[in-house]
Amino acid sequence: MSSRLTPSGIVAILTDFGLMDHYVGVMKGRILAELLGEANPIFIDITHEIPPQDIRKGALKLKFAYPYFPQGTIFLVIVDPGVGTGRKAIVIVTEKYLFVGPDNGVFTFPAKEAQVLEVFEIDSEKVMRPPFSSTFHGRDLFAPAVAQLLRRVPVEIWTKPLSKEALTLLSFPEPKRTSNGYSLSIWDVDRFGNLITNFSKIMAKKHFKVLVNGQEVRRVNTYGEGRDGEILALFSSEGLLEIAIRNSSAADSLKDPQIEIIFE
Amino acid sequence: MSSRLTPSGIVAILTDFGLMDHYVGVMKGRILAELLGEANPIFIDITHEIPPQDIRKGALKLKFAYPYFPQGTIFLVIVDPGVGTGRKAIVIVTEKYLFVGPDNGVFTFPAKEAQVLEVFEIDSEKVMRPPFSSTFHGRDLFAPAVAQLLRRVPVEIWTKPLSKEALTLLSFPEPKRTSNGYSLSIWDVDRFGNLITNFSKIMAKKHFKVLVNGQEVRRVNTYGEGRDGEILALFSSEGLLEIAIRNSSAADSLKDPQIEIIFE
Amino acid sequence: MSSRLTPSGIVAILTDFGLMDHYVGVMKGRILAELLGEANPIFIDITHEIPPQDIRKGALKLKFAYPYFPQGTIFLVIVDPGVGTGRKAIVIVTEKYLFVGPDNGVFTFPAKEAQVLEVFEIDSEKVMRPPFSSTFHGRDLFAPAVAQLLRRVPVEIWTKPLSKEALTLLSFPEPKRTSNGYSLSIWDVDRFGNLITNFSKIMAKKHFKVLVNGQEVRRVNTYGEGRDGEILALFSSEGLLEIAIRNSSAADSLKDPQIEIIFE
């Protein structure tokens, strides 16, 4: 990549393809086929269970995952309701990583948080492979693009530069200020039914209480401190305030809960 | 084999084992154990979510997947309701690929579409490993067979030749001719709820209209051209006519739809 | 370790993290990041669909899986409702394998069945990595521990010895003796709806009949011997008596069945 960043061979993949179809496997097969034996990638699946076309969820899961990968990891991220339309296919190069996928906001977090060095638009005429489908660019466009990166084909040959300012960014709701704290939104619900809010550890400068539907809930450090059935508030592994119930699902017990922070 | 085709080290796996049990992991562990460190395979999961015992679905997903893998890929395909009975365990060698699994029709498409060079029946007495279960040949028979291929143990030692004509083939319904076109069947439904029909791009020699339950639907090239809720017809990434609804599931909206092609 | 057992580079992973979140991918990314390019692991997923916090199910799936892996495999097993509390983080070294995870009983079967050579408690102060979460030790504690093993950092540096007798073990119900046989419990239900009981092949010294809800069911060797809808008894691939229905789900048809062994 302009000699600035060398792929490590790790390809971390995040899609909404699901696991019941052949899509993920075929995309990996295509990358291997395009490599012509010149490189030996390590594929790591982040998740393929992003709900269909849910770009926001894809963006969040990428935010939660990418910082833990080694330098030089290529992130192949495909949640792509606009496949085959005018949306750009892009490569983003940051100080540590490479990101490949559609320019639809799915890269909002690395684009905001990481130092973006360069952005490129993939020239589909130079990269796309038969059968040139307009519905499965993961296989016909993005897989060959990842192979180009792994083979270290100079980007000048198969992309054109794009302004960083041109990147599509999504806005995620910030906590709303109230008279004595914040009113929170839920950004994500994980498999354990934990509710991940938009209140980050960095915003917790003062002592604070957490109210769920008007009732104070206990703040803890670990799930294990809770009693069975007790609603708990703790900072998630991503540094975001999380509402959880020990050995149970907060998402199942609490429908559309109102979550508030009250500074003391 | 027979020195005609050298495995590349890629093992692409398609089963109905699901992901909640230990079956897939154990099968891979067994392959690695049998290799004795002599080869370093790359496992690619095509899917393990074939509905239990659904050989037809397995055959279709294999059709949609295998042509995109590199030469020398071994396809380990196990949808095997007849495990432990008289059904043969086979290796099919085509010009580009190796296929390992039960002879029950799951290899119908490569057997018809690809150039089959040789077929072998695995001699279970020479290949099977303890505990010799009669219910999990993936672990006790097919995994060791794949290891034999990867270790390049000559097939003569552990198989006997089989006639290509002896292969079990399934028949899949072709579109039915009508006075002015075709009446279609649905071959597959993917995770997005897209309905994949049996009408292939190659059959579309003339201009045609698509009717769903008697109403003409719009033909497009990409999902993005549709309006929310609009029923669309387009060619899938596999070259088959597909009925889809933008950002929604056609399978949920249309129960047992009648799909017709009318040539103009 | 203590130079007794060298990791093969294979890391077999079993968790209750599920596949809809980023947790599994992030944990693997962290292992790769901590390796600093010094080793090239092969990750094998056993399953990530252990029901949340179900230590017993995790222990059983591990029992069914580990004996088939090659010598030197590291098993990273995380079903960890007590994450962040006082429960120990441990490494168990057996004659063939290494096990890494929480000391909560999830290693009950290798601890009982295999020859345990050494047990170590991981010193979290020496191993844990930022952001030092108290809810995701998979990423912040266990992944770095696995990297230490793969990099062959002497365990003396980052663990302290633990007595084998101190290991937490779970008890699993054995078959109950009756006047002329056994009354069985169901230990596991797999994706095919097969009911895996606690009656093992080794206990079947004499001829016996199997009753389900008081009715004798046919004993077979393979599913294929059954008629559609017929209840069958056979030994599973794990050597445990299993109640199955051909091409159907015994779990769906039989709710809380009473299963008995009658010696003849």
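Structure report, in brief. Quick caveat, the model's predicted, so the values are computed rather than measured.

Here's the deal with the overall build of chain A
Helix and strand content of chain A: seven helices and 16 strands. A buried classification covers 63% of the 264 residues belonging to chain A. Of the contacts formed within chain A by residues at least 6 apart in sequence, a portion of 68% connects residues at least 24 apart. Element-wise, carbon and sulfur atoms account for 48% of the exposed surface of chain A, whose accessible area totals about 10,200 Å². Averaging the coordinates of the 30 positive side-chain charges in chain A and doing the same for the 31 negative ones gives two points 3 Å apart.

Quick word on the relation of the copies chain B and chain C
Taken together, a rotation about one axis and a shift along it account for how the two chain copies relate. Turning chain B through 120° and shifting it by 0.0 Å along the axis lays it on chain C, with an RMSD of 0.0 Å. Such a combination of rotation and displacement between the chain copies is what one expects of a three-fold axis. When each C-alpha of chain B is compared by its distance to the rotation axis, I42 of chain B comes out closest, at 5.1 Å.

Here we look at the sheet that holds strand β12 (residues 208-212) of chain A
The pairing of strands in a sheet happens through backbone hydrogen bonds and is either parallel or antiparallel. Residues and elements named next belong to chain A. The strand order β8-β9-β16-β12-β13-β14-β15-β11-β10 describes an open sheet built from nine strands, whose pairing is mixed. Of all strands in the sheet, those bounded by a partner on one side alone are β8 (176-178) and β10 (186-189). Shown here is a sheet whose adjacent strand axes are inclined to one another by a mean of 35°, direction ignored. Judged from the five bridges that link them, β12 and strand β16 (residues 259-263) form a sheet pairing that is antiparallel. Its bridge partner lying in β16, F208 is registered against F263. Contacts between helix α2 (residues 55-65) and the sheet are confined to β10, β11 (195-200) and β15 (240-245), with β10 contributing the most and set at about 80° to the helix.

Things to note about the relation of the copies chain B and chain A
Laying chain B over chain A is done by rotating through 120° and shifting 0.0 Å along the axis; what remains is an RMSD of 0.0 Å. Residue by residue, only 10% of the interface of chain B is reproduced at the interface of chain A, so the copies engage with different surfaces.

Side note on the pattern of salt bridges
Here the structure, examined in full by the defined rule, presents 48 salt bridges over all chains. One salt bridge in this structure joins K126 of chain B and D123 of chain B, with 3.4 Å as the shortest N-O distance. Of the residues examined, D123 of chain B reaches a relative accessible area of 24% and is grouped as partly exposed. With a closest N to O distance of 2.7 Å, D140 of chain B and R139 of chain B form a salt bridge. Using a relative accessible area of 0% as the deciding quantity, one classes D140 of chain B as buried. Of the residues examined, R139 of chain B reaches a relative accessible area of 0% and is grouped as buried. Each of R30, E34, R129, R139 and D140 of chain A together with E238 of chain B takes part in one network of salt bridges that share partners.

Re the packing of helix α1 (residues 23-35) of chain A against helix α5 (residues 137-150) of chain A
All names here are of chain A. Where α1 contacts α5, the axes come no closer than 8 Å and their chain directions differ by 45°. It follows from the interaxial angle that α1 and α5 lie oblique. Along this stretch, α1 crosses α5, giving a crossing that reads as right-handed. Here V26, M27, R30, I31, E34 and L35 of α1 come into contact with α5, specifically with G138, R139, D140, A143, P144, V146, A147 and L150.

Some words on the interface of chain B and chain C
Each partner contributes residues to the interface: chain B has 34 residues there, and chain C has 30 residues. Buried area between chain B and chain C, summed over both chains or domains, comes out near 2,600 Å², and the portion from carbon and sulfur atoms is 60%. Considering only the surface of chain B that becomes buried against chain C, M20, H22 and T135 of chain B emerge as the three largest contributors, covering 23% of it. Inspection of the region where chain B meets chain C yields three salt bridges. In this structure, the salt-bridge partner of E238 of chain C is R139 of chain B, at a minimum N-O distance of 3.3 Å. The interface formed by chain B and chain C holds 14 residue pairs in polar contact (both at pLDDT 80 or more) in total. In terms of residue count, helix α1 (residues 23-35) of chain B provides more of the side of chain B that touches chain C than any other element does, eight residues in total.

What to know about the environment of D228 of chain A
Residue and element names in this part refer to chain A. In this fold, D228 is placed in the loop between β13 (215-219) and β14 (231-235). Judged by its relative accessible area of 62%, D228 falls in the exposed class. Separated by 20 residues in the primary sequence, D228 and S248 place their C-alpha atoms 7.8 Å from one another. The residues touching D228, leaving out its near neighbours within four places in the chain, are R246 and N247.

A word on unusual backbone geometry
In this chain, P130 of chain A is followed by P131 of chain A through a cis amide linkage whose omega measures 5°. Summarising the element assignment, P131 of chain A is placed in the loop between α4 (124-127) and α5. Look at N247 of chain A: it is not a glycine, yet its phi comes out positive at around 55°. Considering the arrangement of structural elements, one finds N247 of chain A in the loop between β15 and α7 (250-253). Positive phi is not limited to glycine here, since N213 of chain B has a value of about 50°. Counting through the fold element by element, N213 of chain B comes out in the loop between β12 (208-212) and β13 (215-219).

Structural notes on the packing of aromatic side chains
Tallying each qualifying case throughout the model produces 63 aromatic pairs over all chains. Aromatic pair Y23 of chain B and F136 of chain B: ring centres 5.3 Å apart, planes at 75°, arrangement edge-to-face. Note that Y23 of chain B is positioned in helix α1 and F136 of chain B in the loop between α4 (124-127) and α5 (137-150), a separation of 113 residues in sequence. You can call Y23 of chain B buried: its relative accessible area is 9%. What makes F136 of chain B buried here is its relative accessible area of 4%. Among the aromatic residues, those joined into a ring-pair cluster are Y66, F69, F75, Y97, F99 and F107 of chain A. A cation sits over an aromatic face here: R219 of chain A above F208 of chain A, 3.8 Å from the ring centre.

What counts and how
- Residues numbered from 1 in each chain as written.
- Chains lettered and ligands numbered in written order.
- Predicted model: local features only at pLDDT ≥ 70, side-chain atom pairs only at ≥ 80, totals over all residues.
- Heavy atoms only, no water.
- Helix = DSSP H or I, 4+ residues; strand = E, 2+ residues; numbered from the N terminus.
- Buried < 20%, exposed > 50% of the residue type's maximum accessible area, 1.4 Å probe, protein only.
- Contact = heavy atoms within 4.5 Å.
- Areas by Shrake-Rupley, 256 points an atom, 1.4 Å probe, with all protein chains shown as cover.
- Lys, Arg positive; Asp, Glu negative; His and termini not counted.
- Charge placed at Lys NZ, Arg CZ, Asp CG, Glu CD.
- Least-squares fit on C-alpha atoms with pLDDT ≥ 70 in both.
- Pairing = 2+ DSSP bridges.
- Axes fitted to C-alpha atoms, helices over the stretch in contact; angles between N-to-C directions.
- Salt bridge = Lys/Arg side-chain N within 4 Å of Asp/Glu carboxyl O.
- Parallel < 35°, antiparallel > 145°, perpendicular 65-115°, else oblique.
- Left-handed = near helix turned anticlockwise from the far one by under 90°.
- Buried area = accessible area lost by both parts, 1.4 Å probe.
- Polar contact = N/O pair within 3.5 Å; in protein donor to acceptor, adjacent residues only side chain to side chain.
- Phe/Tyr/Trp six-rings, centres within 6.5 Å; stacked < 30°, edge-to-face > 60°.
- Lys NZ or Arg CZ within 6 Å of the ring centre and 35° of its normal.

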